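# Observations on the three-dimensional arrangement
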Amino acid sequence: MKFLNIKNFNSINKIQLICIFSLLGFAIYLSFIGGYGADEDTLPMIYVFESKLDSGNFVSSRFTGNPVAEIGIGFLAYFFGSWAANLTTFIFLIIGLLLFYYSFEKKDNKELLLFLLLCLSSPVLFFDNLEPVDYSWAFFFYALGLFLLKNKLTELSIIFFALAVGVRLNYFLFIVITILFFNDTEIPLKKKLIIIFCIFFTGALFYVPVWFDSKLQLTWLTAGRSYDGYLDLLSRFSYKSFYAFGGFSIFFVIYSFYKNYLKLIEDNNLFLFLFLLFSNLLIFLWLPAELSYLQLAIICVYLFIIRYSQKKLIYLILIYNFATWIINPEF
């Protein structure tokens, strides 16, 4: 790729490249020493694979189960160990970010390094994807499907979109929004609806076992939701969303959108970004648990910031994000 041609870089790009490679090296190191991390869903996912391998019995890591991630992460952990599962999870994040960027930028590589650096500065995106969890797996398949859709490889995109649904069920909503509002393709509405149906049917097949195990009931879709009243729900949503988007750096983000709203409203894919952002927030409002539930929303916000914000403001966000790696003021 052109962005690897260091001779064409200015000094700022070279610094960004050095920072990115340093972060990648740090991530590889953490992948080898981090073990299976602290996410409570990791060991159940590995157990699902072990159970199928040893006895063939059906078990689910969570209420819905995430079959593709259960098999993938379980396979890597069982045969190679935690380092393989950790490293693959992080590699999926990096490749997903590249595919997502090139799904919206045609031949413009000048902001790619800054976009990668901004995403990697987020503790939620960096550290939560150094554990064998399924967030980056779903995002990778989604971004690959989006990239194929942009390049008019529609049939292939259906396969990878369905795999994203098989990793995390909530990605079906993001995929529907993407197909309906992605303006870089010239697909008639009738064909879009057919594509959505194909993805729904194919992706739903991954969840047939848990549906059968629930005696053909659908209670497994909402079984993980619990809260102590609406005040508790809104409090958890507000508090966790604040830190998911960088803590106090969220005020830089809001200011950036305020200063550049005239450019934003001219963007060809404005409605796609807005609907992805708000749908992700609504899902998080429904179940405000892990901060990583908002990973797609964070990535969308950062891409818009890269495209339309002033560099000084982006550097302020970068500095604050990296500072939270060491000291993160919480209230």
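These remarks concern the structure in this document. (Residues numbered from 1 in each chain as written. Predicted model: local features only at pLDDT ≥ 70, side-chain atom pairs only at ≥ 80, totals over all residues. Heavy atoms only, no water.)

## Some details on the packing of aromatic side chains
A ring pair, where both rings are aromatic, is described by two values, the distance of the centres and the angle of the planes. For the record, the criterion: Only Phe, Tyr and Trp rings take part, Trp by its six-membered ring, and two of them pair if their centres are within 6.5 Å. Stacked means planes under 30 degrees apart, edge-to-face means over 60, and tilted covers everything else. The numbering of helices and of strands both runs from the N terminus, where a helix is a DSSP run of H or I of at least 4 residues and a strand a run of E of at least 2. Three exposure classes are used, based on accessible area relative to the maximum for each residue type with a 1.4 Å probe and protein chains only: buried under 20%, partly exposed in between, and exposed over 50%.
If you walk through the whole model with that rule in mind, you get 42 aromatic pairs. Note on Phe 100 and Phe 139: the rings are 5.8 Å apart at their centroids and 55° apart in plane angle, and the pair reads as tilted. Here Phe 100, found in helix H4 (residues 82–104), pairs with Phe 139, found in helix H7 (residues 135–150); they are 39 residues apart in sequence, far enough to count as distant. Both residues of the pair, Phe 100 and Phe 139, belong to the buried class. Site record: aromatic cluster; members linked through ring pairs are Phe 100, Phe 104, Phe 139, Phe 182, Phe 273, Phe 304 and Tyr 308.

## A few points about the side chain of Glu 70
As a reminder, the rule being used: Counting rule applied: Lys, Arg positive; Asp, Glu negative; His and chain ends not counted. We define a salt bridge as a contact between a side-chain nitrogen of Lys or Arg and a carboxyl oxygen of Asp or Glu at a distance within 4 Å. Any N or O atom pair separated by 3.5 Å or less is treated as a polar contact, with the protein-specific requirement of one donor-capable and one acceptor-capable atom, and with residues adjacent in sequence counted only for side-chain atom pairs. Here a residue-residue contact requires only that any non-hydrogen atoms of the pair lie within 4.5 Å.
As for its position among the elements, Glu 70 is in helix H3 (residues 67–79). It is Lys 52 that comes nearest to the buried, bridge-free Glu 70 among opposite-charge side chains, at 4.8 Å. Looking at Glu 70, its side chain comes within polar contact range of the side chain of Ser 61, at 2.6 Å. If we ignore the near neighbours within four places in the chain, the residues touching Glu 70 are Met 45, Val 48, Phe 49, Ser 60, Ser 61, Arg 62 and Gly 65.

## Examining the side chain of Glu 111
Here Glu 111 is to be found in the loop between H4 and helix H5 (112–121). Here Glu 111 falls in the buried class, since its relative accessible area comes to 15%. Setting aside residues up to four positions removed in sequence, Glu 111 forms contacts with Tyr 101, Ile 306 and Lys 311.

## Overview of helix H15 (residues 270–286)
Heads up, the condition is: The length a helix should cover is 1.5 Å for every residue beyond the first.
Across its 17 residues, H15 extends 24 Å between first and last C-alpha, which sits within 8% of the 24 Å expected from 1.5 Å per residue. Of all the positions in H15, only Leu 270, Leu 272, Phe 273, Leu 276, Leu 277, Ser 279, Asn 280, Leu 281 and Phe 284 are classed as buried. Next to the buried residues of H15 lie H4, H7, helix H9 (171–181), helix H12 (230–244), helix H14 (261–264) and helix H16 (295–308).

## Let's talk about the nonpolar core
Filter applied, for reference: Put simply, buried Ala, Val, Leu, Ile, Met, Phe, Trp, Tyr and Cys residues joined by side-chain atoms within 4.5 Å make one nonpolar core.
Residues Phe 100, Phe 115, Phe 139, Tyr 142, Phe 245, Leu 296 and Tyr 302 are the most contacted members of the largest nonpolar core, which totals 99 residues. With 13 residues, H4 is the single largest residue contributor to this core.

## Brief notes about a nonpolar patch on the surface
Rules: To count toward a patch, a residue needs a relative accessible area above 30% and no salt bridge. Like charges then connect within 9 Å, nonpolar side chains (Val, Leu, Ile, Met, Phe, Trp, Tyr) within 5 Å. Note on areas: these come from Shrake-Rupley sampling with a 1.4 Å probe, and a residue is covered only by the protein chains present in the view.
Together, Phe 26, Ile 28, Tyr 29, Phe 32, Ile 33, Leu 53, Phe 75, Tyr 78, Phe 79, Phe 80, Trp 83 and Phe 127 make up an exposed nonpolar region whose accessible area comes to about 1200 Å². Secondary-structure elements contributing two or more residues to the nonpolar patch are helix H1 (11–33) and H3. At five residues, the largest contribution of residues to the nonpolar patch is made by H1. Among the structural elements, Ile 33 can be located in helix H1.

## A closer look at the packing of H1 against H5
What counts, and what does not: Angles shown run from 0 to 180 degrees and are taken between the N-to-C directions of axes, each axis being a line fitted to C-alpha atoms and, for helices, limited to the stretch in contact. With respect to orientation, any angle under 35 degrees is reported as roughly parallel, any angle over 145 as roughly antiparallel, any angle of 65 to 115 as roughly perpendicular, and every other angle as oblique. Left-handed describes a crossing whose near helix is turned anticlockwise from the far helix through less than a right angle; right-handed describes the clockwise counterpart.
Two numbers describe how H1 lies on H5: the axes approach to 10 Å, and their chain directions differ by 40°. Considered as vectors, H1 and H5 are oriented oblique to each other. The hand of the H1/H5 crossing is left-handed. Residues Asn 13, Gln 16, Leu 17, Cys 19, Ile 20 and Leu 23 of H1 touch H5, and the partners they reach there are Leu 113, Leu 114, Leu 116, Leu 117 and Leu 120.

## Description of the environment of Ile 319
For Ile 319, the position within the fold is in helix H17 (residues 311–323). With 142 residues separating them along the chain, Ile 319 and Ile 177 place their C-alpha atoms 33 Å apart.

## A word on the pattern of salt bridges
Enumeration over the complete set of coordinates arrives at three salt bridges. For Glu 111, the salt bridge is made with Lys 311, and the minimal N-O distance between the two is 3.7 Å. Placement of the pair is Glu 111 in the loop between H4 and H5 and Lys 311 in helix H17, with a sequence separation of 200 residues. Lys 311 gets classed as partly exposed once you look at its relative accessible area, which sits at 38%. For Arg 236, the salt bridge identified is with Asp 232, shortest N-O distance 3.4 Å. Pair noted here: Arg 236 and Asp 232 are both in helix H12, with a separation of four residues, about one helical turn. In this structure Arg 236 comes out as partly exposed when scored by relative accessible area, which is 25%. When its relative accessible area of 24% is taken as the criterion, Asp 232 is described as partly exposed.

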